[in-house]
Amino acid sequence: MQPVLEITESRNTELGGVTIRRALPRRGRRTVGAWCFVDHMGPAEVTETHGLDVGPHPHIGLQTVTWLLEGEVLHRDSLGSEQLIRPGELNLMTAGHGVSHAEEATGAYRGPLHGVQLWVAQPDATRDGDPAFEHLSALPQVELDQCTATVLVGDFAGGASPARRDTEHVGVDLRLRTGGTVVPLRADFEYALVVFDGTVSLAGGTVEPGHLGYLGAGRDEVRLQTAQPTRALLIGGVPFPEQVSMWWNYVARTQAEISAAHADWNAESPRFGEVASLLPRITVGPPPWSAQHG
Ligand code: MN
């Protein structure tokens, strides 16, 4: 795989009352390493009557990675976890064979909400395993030229995140000051950049909020240039070796696996447990391929 710079527009959507810029998956690009989903949330204003409110819903075969720049969100899951997510803290839920969770406004917070939620596809070795949850309030930081980098997942520039990781991948929050920063990369990883605010020039192009800047693989480093303080997220990893099938909140390999999981969710099977949330459980109709036989 060669170094490239492919800039694609994120797709605007809405989740639980908050505007989302979905950078991944894209047409022709389903994964970056094991990363298979990138939702840039907000910035949105949380008021008495308006905040992120996503009721209980299921996941299989993936990890959810939630990282806030501003605001707070309450995470509740079917393992009994109840965890307030704040800026600078990593929320990591592993779905395995099945888990469910809710993401709620806390009721007390007023102000901006800004962050990202990503999914990591689990490999065959763990994707049918037990669900798990971890919350990490202390993550390694690395200084590079005009940048303070926080290592969310994986190893980067001498910093190693304690977060669970089932494949060779990395996620790094970049606080860029004005100027240039050389970011060390692994030639066997493919990478992409998402910009939260400001703009980043790199590899002959410019990436701004609402874009995914895909860098391909084969680089030992990349130089980032900024004309103002800028916040961005670098994701990367060894190209995911398995064909991923995704629909709604499920990551699997076949449509049959997804149909079976969705039937279990709609039947309120113990596979997905229960979430202690006052928000209504989320249900949607069957996958589109089911209709062919209906
Ligand atoms: Mn979710």
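Residues numbered from 1 in each chain as written. Predicted model: local features only at pLDDT ≥ 70, side-chain atom pairs only at ≥ 80, totals over all residues. Heavy atoms only, no water.

Trainee: Lay out the overall build of the protein chain in plain terms, naming residues and giving numbers.
Mentor: Of the regular secondary structure elements, the protein chain holds one helix and 26 strands. Computed over the C-alpha atoms, the radius of gyration of the protein chain is 19 Å, within 12% of the 19 Å expected from 2.2 N^0.38 for a compact globule of 294 residues. Dimensions along the principal axes, computed over C-alpha positions, put the protein chain at roughly 55 × 45 × 35 Å. Within the span of the protein chain, comprising 294 residues, buried residues form 53% of the whole. Taking as baseline every contact in the protein chain between residues at least 6 positions apart, the subset at least 24 positions apart corresponds to 72%. Accessible surface, the protein chain: about 12200 Å² in total, of which carbon and sulfur atoms supply 49%. Taking the average location of the 22 positive side-chain charges in the protein chain and that of its 35 negative ones, the two points are 4 Å from each other. (Helix = DSSP H or I, 4+ residues; strand = E, 2+ residues; numbered from the N terminus. Rg over C-alpha atoms; globule rule 2.2 N^0.38 Å. Buried < 20%, exposed > 50% of the residue type's maximum accessible area, 1.4 Å probe, protein only. Contact = heavy atoms within 4.5 Å. Areas by Shrake-Rupley, 256 points an atom, 1.4 Å probe, with all protein chains shown as cover. Lys, Arg positive; Asp, Glu negative; His and termini not counted. Charge placed at Lys NZ, Arg CZ, Asp CG, Glu CD.)

Trainee: Can you explain the nonpolar core? Please cite residues and give values.
Mentor: V38, L90, L118 and I235 are the most contacted members of the largest nonpolar core, which has 34 residues in total. With five residues, strand β11 (residues 111-121) is the largest single contributor of residues to this core. When sequence neighbours within four positions are dropped, the list of residues in contact with L118 reads W35, F37, V38, Q63, T64, V65, L233 and I235. Core analysis: the next-biggest nonpolar cluster, separate from the first, contains 24 residues, V142, C147, V151 and V222 among them. (Core = buried A, V, L, I, M, F, W, Y, C linked by side-chain atoms within 4.5 Å.)

Trainee: Which residues make up the sheet that holds strand β4 (residues 35-46), and what values go with them?
Mentor: As summarised here, the arrangement of the seven strands in space is β2-β3-β4-β11-β6-β9-β12, forming an open sheet in which the pairing is antiparallel. Looking at which strands have only one partner, the edges of the open sheet turn out to be β2 (11-15) and β12 (132-136). The mean angle between the axes of side-by-side strands here comes to 20°, regardless of whether they run parallel or antiparallel. Bridge analysis of strand β9 (residues 90-94) against β12 gives five bridges, and the strand direction is antiparallel. In the sheet register, L92 faces β12, and the bridge partner there is E134. (Pairing = 2+ DSSP bridges. Axes fitted to C-alpha atoms, helices over the stretch in contact; angles between N-to-C directions.)

Trainee: Give me the sheet that holds strand β10 (residues 99-104): which residues, what numbers.
Mentor: Strands in a sheet are paired, the pairing made by backbone hydrogen bonds, and the direction either parallel or antiparallel. Spatially, β5-β10-β7-β8 is the arrangement adopted by the four strands of the open sheet, whose pairing is antiparallel. Bordering the open sheet on either side are β5 (53-59) and β8 (82-85), each of which pairs with just one other strand. The average angle at which neighbouring strand axes cross in this sheet is 20°, direction not considered.

Trainee: Kindly report on unusual backbone geometry, identifying the contributing residues and their values.
Mentor: Going from L24 to P25, the amide bond is cis rather than trans, its omega being 0°. Turning to its location among the elements, P25 is positioned in the loop between β3 (18-24) and β4. Cis rather than trans, the peptide bond between G42 and P43 has omega equal to 10°. As for its placement among the helices and strands, P43 is situated in strand β4. One non-glycine residue, A203, adopts positive backbone phi at about 50°. Within the secondary structure, A203 sits in the loop between β20 (200-202) and β21 (205-207). On the basis of relative accessible area, A203 is assigned to the partly exposed category, the value being 39%.

Trainee: Please set out the coordination of the manganese ion residue by residue, giving values where relevant.
Mentor: Working reference: metal with six octahedral donors, ideal angles 90 or 180 degrees; metal with four tetrahedral donors, ideal angle 109.5 degrees. Summarising the metal site, the manganese ion is bound by the protein donors H57 (NE2), H59 (NE2) and H101 (NE2), whose distances to it range over 2.1 to 2.2 Å. On the primary sequence, the residues serving as donors to the manganese ion are separated as H-x1-H-x41-H. In this pair, H59 sits in strand β5 while H101 sits in strand β10, placing the two residues 42 residues apart along the sequence. For the pair formed by H59 and H101, the shared burial category is buried. (Donors = N, O, S within 2.8 Å, 3.2 Å for Na, K, Ca; no water.)

Trainee: Which residues make up the environment of P162, and what values go with them?
Mentor: Here P162 is to be found in the loop between β16 (159-160) and β17 (169-176). Distance in space between the C-alpha atoms of P162 and P140 is 8.7 Å, their sequence separation being 22 residues. Setting aside its immediate chain neighbours within four residues, P162 contacts E134, L136, A138, L139 and P140.

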